[in-house]
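# Per-entry structural report
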Amino acid sequence: MLAMNYRGPYRVRVDEKPMPVILHPEDAIVRVTRSCICGSDLHLYHGMVPDTRVGMTFGHEFCGVVEQVGDEVRNLKVGDHVLVPFNIACGKCHFCQQGLFGNCHESNAQATAVGGIYGYSHTAGGYDGGQAQYVRVPYADVGPTVIPDWMDPDDAVLLTDVVPTGYQAAEMGGIKRGDTVVVFGAGPVGLMAAKCAWLFGAGRVIVIDSQDYRLEFARVFAHAEVYNLREIDDMVVFLKKQTDSLGADVCIDAVGGDAVGNGLQWLLGTKLKLEAGNAIALHWAINSVKKGGIVSIVGVYGPTGNIIPIGNVVNKGITIRANQASVKRLLPRLIEHIRNGHINPKAMITHRVPLEDAADAYHIFSSKLDGCIKPVLIPNAA
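Residues numbered from 1 in each chain as written. Predicted model: local features only at pLDDT ≥ 70, side-chain atom pairs only at ≥ 80, totals over all residues. Heavy atoms only, no water.

Each helix and strand in the chain was counted, giving eleven helices and 17 strands. A globule of 382 residues ought to have a C-alpha radius of gyration of about 21 Å, and the chain, at 20 Å, matches this closely. C-alpha atoms of the chain, sized along the principal axes, occupy 60 × 40 × 40 Å. For the chain, the residues scored as buried account for 59% of the 382 residues in total. Put simply, 72% of the contacts in the chain that link residues at least 6 apart link residues at least 24 apart. For the chain, the accessible area works out to roughly 15,200 Å², and carbon and sulfur atoms hold 51% of it. A distance of 5 Å separates the average location of the 34 positive side-chain charges in the chain from that of its 38 negative side-chain charges. (Helix = DSSP H or I, 4+ residues; strand = E, 2+ residues; numbered from the N terminus. Rg over C-alpha atoms; globule rule 2.2 N^0.38 Å. Buried < 20%, exposed > 50% of the residue type's maximum accessible area, 1.4 Å probe, protein only. Contact = heavy atoms within 4.5 Å. Areas by Shrake-Rupley, 256 points an atom, 1.4 Å probe, with all protein chains shown as cover. Lys, Arg positive; Asp, Glu negative; His and termini not counted. Charge placed at Lys NZ, Arg CZ, Asp CG, Glu CD.)

So this is what it looks like as structure tokens:
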């Protein structure tokens, strides 16, 4: 089969790889119909996440048709068109039973934090992902969800990560009616977080980014106020002035370790990799939120340390909430939001690219070319 093949930072290609096989009676084999490139994939592409091994296939956002099921799979049958959450979750462990599917203790048993994730380095279990024609899906009775007949597959594939992650970012913010919410990052997750902030009752939503085309997209798609960080001398002072000198009620870091906007953070976190990425967006969030406010973090950082102003967290009485989205927990309400027209995920898709051209798609997305917001890879077999 054809599959994306990681060859090192900024180097990917599409090669022939062996077909996946059933390794456990709870497995399924899925023929991929759509697979996204995520901003989190760019962290891998840029060499920001440790133990991302040559030969790996990325892709944690995909949907497809069930081709084969193991002997113990009961909830799926051959021919079902399913969306597959990026969390690989057993459904039975201590954390899955709490709805923390992103922290499954079985799918990534040697880790103390994150559970298994498709196509996301060996720190997340080393599973191959869905930027391929076929993929092995463990715990097939738990994660995969049959796509409703009425749902556009373009909406369905975004329910595997982007929509739930953006929604959970807003949910973790504890947004109350009338709150001012600042979202750092106008990538797909930031866009969805800004869009979903209104669902929780926000009275004002501000989006910060470095790219004018992404900010314009945020203005139209998420009905947000938008500001280019390159035009702001001091982000914290600016946001304080925008919020009656108090600070925002909620700040959402939807950027993670690939942020821009501070030379020292770039040097330490991106160039020298002495930190787990450039943490400037997290600094801004902590310092721009009001006393007693909430900082919600869904941006991806590596597992090593970051220099952050923890003293300000303590002295301002800030609550920090962060996690990988528990997709399975959120799917029922998000499916209803799409059915009722409250959110329109597929509007974020700007590029549909054949799987064979994955290297070009990574370059376009990484370099922010051609107005790219969200690229989707489509295998010929789809």
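Once that is clear, we can look at the sheet that holds strand β12 (residues 225-228). Read from one edge to the other, the open sheet built from six strands follows the order β12-β11-β10-β13-β14-β15, with strand pairing classed as parallel. Where the open sheet ends on each side, the last strands, each with one partner, are β12 and β15 (319-322). On average, each strand axis in the sheet is tilted by 20° relative to the strand beside it, whichever way the strands run. Of the strand pairs in this sheet, strand β10 (residues 180-184) and strand β13 (residues 248-253) are connected by four bridges, and their pairing is parallel. Counted as the bridge partner of Val183 is Ile252 from β13. (Pairing = 2+ DSSP bridges. Axes fitted to C-alpha atoms, helices over the stretch in contact; angles between N-to-C directions.)

So, on to the packing of helix α4 (residues 188-199) against helix α5 (residues 212-221). Orientation of α4 relative to α5, taken along the N-to-C sense of each, is 25°, at an axis distance of 10 Å. Between α4 and α5, the crossing angle belongs to the class labelled roughly parallel. As α4 packs across α5, the resulting crossing turns out to be right-handed. Where α4 abuts α5, its residues Leu191, Met192 and Lys195 lie against Arg214, Phe217, Ala218 and Phe221. Among the residues making up the contact of α4 with α5, the classes are represented as five nonpolar, no polar and two charged. (Parallel < 35°, antiparallel > 145°, perpendicular 65-115°, else oblique. Left-handed = near helix turned anticlockwise from the far one by under 90°. Nonpolar A, V, L, I, M, F, W, Y, C, P; charged D, E, K, R; others polar.)

Every buried residue of α5 is listed here: Arg214, Leu215, Phe217, Ala218 and Phe221. For α5, the angular spread of buried residues about the axis comes to 155°, placing them on one side. Contacts from the buried residues of α5 go to α4, β11 (204-209) and β12. Of the residues trailing α5, His223 is marked for its positive phi of about 55°. (Arc of directions from axis to C-beta.)

What follows deals with the pattern of salt bridges. Enumeration according to the criterion identifies 19 salt bridges in this entry. Its salt-bridge partner being Glu216, residue Arg219 comes within 2.5 Å of it at the nearest N-O pair. A residue pair is termed a helical-turn pair when its members lie 3 or 4 positions apart in one helix, as Arg219 and Glu216 do in helix α5 at three residues. Connected through salt bridges with shared partners, the residues Arg34, Asp154 and Arg352 form a single ionic network. (Salt bridge = Lys/Arg side-chain N within 4 Å of Asp/Glu carboxyl O.)

What follows covers the layout of surface pockets. By volume, the second largest pocket amounts to about 680 Å³. In terms of lining residues, the second largest pocket is bounded by 26 residues, among which Ala113, Val114, Tyr301, Gly302 and Gln324 are the most central. Within the lining of the second largest pocket, the residues separate by chemical class into 16 nonpolar, ten polar and no charged. (1 Å grid on protein atoms, 1.4 Å probe; cavity = no way out; pocket = protein on both sides within 12 Å on 5 of 7 lines; lining within 4 Å. Points joined across faces, edges and corners; volume = space filled by probe spheres on them.)

The subject of this paragraph is the packing of helix α3 (residues 162-172) against helix α10 (residues 327-339). Taken N-terminus to C-terminus, the directions of α3 and α10 make an angle of 95°; their axes are 10 Å apart at the nearest point. Relative to α10, the element α3 is oriented roughly perpendicular. Contact with α3, carried on its side by Val163, Pro164, Tyr167, Gln168 and Glu171, involves Val327, Arg329, Leu330, Arg333, Leu334 and His337 of α10 and no other residues of that element. Split into classes, the residues belonging to the contact of α3 with α10 amount to six nonpolar, two polar and three charged.

This part is about the nonpolar core. One finds Leu159 and Met348 to be the most contacted residues of the largest nonpolar core, which totals 76 residues. In terms of residue count, α4 provides more of this core than any other element does, seven residues in total. Among all residues touching Leu159, those that are not within four sequence positions of it are Leu83, Met151, Pro164, Val327, Leu331, Leu334, Ile335 and Ile338. One finds Phe184, Leu229, Ala285 and Ile286 within the second-largest nonpolar core, a separate group that totals 24 residues. (Core = buried A, V, L, I, M, F, W, Y, C linked by side-chain atoms within 4.5 Å.)

Enumeration over the complete set of coordinates arrives at zero disulfides. The structure places no disulfide on Cys104, whose sulfur is separated from the nearest cysteine sulfur, that of Cys90, by 3.6 Å. According to the relative accessible area criterion, Cys104 is buried, its value standing at 1%. Just so you know, Cys372 is unpaired, no disulfide at all, and the nearest cysteine sulfur is the one on Cys36, 11 Å from it. (Disulfide = S-S within 2.5 Å.)

Further remarks concern the pairing of strand β2 (residues 11-16). Two strands pair when backbone bridges link them, and strand β1 (residues 2-8) and β2 are joined in this way by six bridges, in the antiparallel orientation. What sits directly across from Gly8, in β2, is Arg11. From the end of β1 to the start of β2, which pair antiparallel, there are two residues, and Tyr10 there has a positive phi angle of about 65°.

On to the side chain of Arg34. Secondary-structure assignment places Arg34 in strand β3 (residues 28-36). A polar atom in the side chain of Arg34 sits 2.6 Å from the side chain of Asp154. (Polar contact = N/O pair within 3.5 Å; in protein donor to acceptor, adjacent residues only side chain to side chain.)

Read these as spatial facts, not as claims about activity.
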